[in-house]
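Below, each chain spelled out in residue letters.
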Amino acid sequence: MPADLARPLRFAVGGDVRHSQDMMERTNRALLPYDPDFIVWGGDLAYDDGRPDRVDRWYEFLDAIRRTLVTPGGRVIPVLAAIGNHEVRGAYHHNIEDYAPGDAWQREYAPFYYGLLAFPGHPGYGVMDFGGYLSVLLLDTDHSGPIDGAQTSWLARTLAERRNVPHVFPSYHVPAYPSVRNPEGNTHRRVREHWVPLFEENGLKLVFEAHDHVYKRTFPIREGQVHPGGVVYVGDGAWGVSTREIGRSHREATWYLDQGHADRHFILVTLHGAQQHLLVVNEDGQIIDEYPATPRR
Ligand SMILES: [Fe+2]
């Protein structure tokens, strides 16, 4: 990665990566010509559900990367991946009777996530700093450990220490502001209760979410309302999965959605100096959103 942003840095964001080889590879193929520096996937990768008998899904997942995420020059596009419900046997730690905080439990219940991916490793969340210009935070939305407690304290400290970093992006699986599911669901409420106030206090502009299997972009939100100085939540995880109906479980509660498309897609983020720009491209290579919109002459 560059030492600074004198040259633009470009990375792709998405989630919910592989229901089928064909769907994952279509989106990968649409991305490759953009030559991203790296990819951030916000959970639900190979859909192993933490089950050792599903190891084949990882062989197929890695095969898709070999076939469609290597540039013509031979560069394998690096990936940072957060944990989702489909990486964990039982999906959420609080569903599991013998949940015991710690590395041994995580290794047993999410064997592929912790066994195959070098970052973030235990305890399931972490920050990657790029020079002094970019920090990507990967978080765990209650899958292999709780949202609240140690993770929230770490998040508060980590964001405070990076107040002078111009680009700070959290990526995690279950959205604070879901596009398909009911926002009163337990995990959505817990993200809003514990993390959203920290995002707002620290002046974050963009946060990446997944899990609902459509494309969404919210209005800027602060204190539960549309606010020009608020945080924009972009997601919602439809890289290589079947899409869903927007607002299916909460038609009355979509006040926060600015954009929504039931398309498989990736979000291409370009950073140049202080500028942040998003281009959202579907599996057919069509641009479905741009933010902020480029002024037309
Ligand atoms: Fe999910």
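Shown above is the structure to which this text applies.
Residues numbered from 1 in each chain as written. Predicted model: local features only at pLDDT ≥ 70, side-chain atom pairs only at ≥ 80, totals over all residues. Heavy atoms only, no water.

## Things to note about helix α1 (residues 21-31)
Taken residue by residue, α1 has Met23, Met24, Glu25, Thr27, Asn28, Ala30 and Leu31 as its buried positions. Buried-residue contacts for α1 involve β1 (9-14), β2 (38-41), α2 (55-68), β13 (265-272) and β14 (275-282). (Buried < 20%, exposed > 50% of the residue type's maximum accessible area, 1.4 Å probe, protein only. Helix = DSSP H or I, 4+ residues; strand = E, 2+ residues; numbered from the N terminus. Contact = heavy atoms within 4.5 Å.)

## Examining the pattern of salt bridges
By the definition in use, this model includes 22 salt bridges. Salt-bridge contacts for Arg51 lead to Asp53; the nearest nitrogen and oxygen are separated by 2.8 Å. The exposure class assigned to Arg51 is partly exposed, which follows from its relative accessible area of 31%. Its salt-bridge partner being Asp212, residue Arg181 comes within 2.4 Å of it at the nearest N-O pair. Of this pair, Arg181 sits in the loop between β6 (167-171) and α6 (186-194) while Asp212 sits in the loop between β7 (206-208) and β8 (215-218); the two residues are 31 residues apart in sequence, bridging distant segments of the chain. A relative accessible area of 23% places Arg181 in the partly exposed class. One salt-bridge network, in which partners are shared between bridges, spans Arg26, Arg264, Glu283 and Asp284. (Salt bridge = Lys/Arg side-chain N within 4 Å of Asp/Glu carboxyl O.)

## Considerations on the nonpolar core
Formed by 30 residues in total, the largest nonpolar core has its most connected members in Leu31, Ile39, Trp41, Leu45, Phe61 and Trp239. Among the elements of the structure, α1, β2, α2, α3 (103-109), α4 (111-116), β13 and β14 are those that each provide at least two residues to this core. Sorting elements by how many residues they give to this core places α2 first, with four residues. Phe130, Val232, Ile267 and Leu271 belong to the second largest nonpolar core, which has 25 residues in total. (Core = buried A, V, L, I, M, F, W, Y, C linked by side-chain atoms within 4.5 Å.)

## Considerations on the coordination of the iron ion
Around the iron ion, the donor atoms from the protein are Asp44 (OD), Asn85 (OD1), His173 (NE2) and His211 (ND1), and they sit 2.1 to 2.3 Å away. Each of the four donor atoms around the iron ion contributes to a set of angles spanning 83 to 166°, which defines the coordination as irregular. Taken in sequence order, the residues that donate to the iron ion follow the motif D-x40-N-x87-H-x37-H. With Asp44 in the loop between β2 and α2 and His173 in the loop between β6 and α6, this residue pair connects regions lying 129 residues apart in the sequence. By relative accessible area, Asp44 is classed as buried at 1%. Taking relative accessible area as the criterion, His173 reaches 0% and is therefore assigned buried. (Donors = N, O, S within 2.8 Å, 3.2 Å for Na, K, Ca; no water. Tetrahedral: all angles 85-135°; square planar, octahedral: opposite > 155°, others 65-115°.)

## Topic: the packing of aromatic side chains
If you walk through the whole model with that rule in mind, you get 19 aromatic pairs. Seen in terms of ring centroids, Trp41 and Trp239 are 5.3 Å apart; in terms of plane orientation they differ by 90°. Their pairing is edge-to-face. A residue pair is termed long-range when its members are at least 10 positions apart, and Trp41 in strand β2 and Trp239 in the loop between β11 (232-235) and β12 (257-261) qualify at 198 residues. Across the pair, Trp239 and Trp41 agree in class, each one buried. Geometrically, the ring pair formed by Tyr172 and Trp195 is edge-to-face, given 5.4 Å between the ring centres and 70° between the ring planes. (Phe/Tyr/Trp six-rings, centres within 6.5 Å; stacked < 30°, edge-to-face > 60°.)

## Looking at the pairing of β13
The buried count for β13 comes to seven of eight residues, which makes it a mostly enclosed element. In the sheet, β1 pairs with β13 via five bridges, with the strands oriented antiparallel. Counterpart to Phe11 in the pairing with β13 is Val269. Counting the residues in the hairpin turn of β13 and β14 gives two residues, including Gly273, whose phi is positive at 55°. (Pairing = 2+ DSSP bridges.)

## Digging into the sheet that holds β1
Strand order in this open sheet of six strands is β3-β2-β1-β13-β14-β15, and the pairing throughout is mixed. With partners counted over all chains shown, the strands left at the sheet margins are β3 (79-81) and β15 (287-291), one partner each. Between one strand and the next, the sheet's axes are offset by a mean angle of 20°, whatever the strand orientation. When β1 meets β2, the two strands line up parallel, connected through four bridges. Residue Phe11 lies in a different strand from β2, and its bridge partner there is Phe38. Taken strand by strand, α1 contacts β1, β2, β13 and β14, and its axis lies near 30° from that of β13. (Axes fitted to C-alpha atoms, helices over the stretch in contact; angles between N-to-C directions.)

Just distances and angles here, no functional claims.
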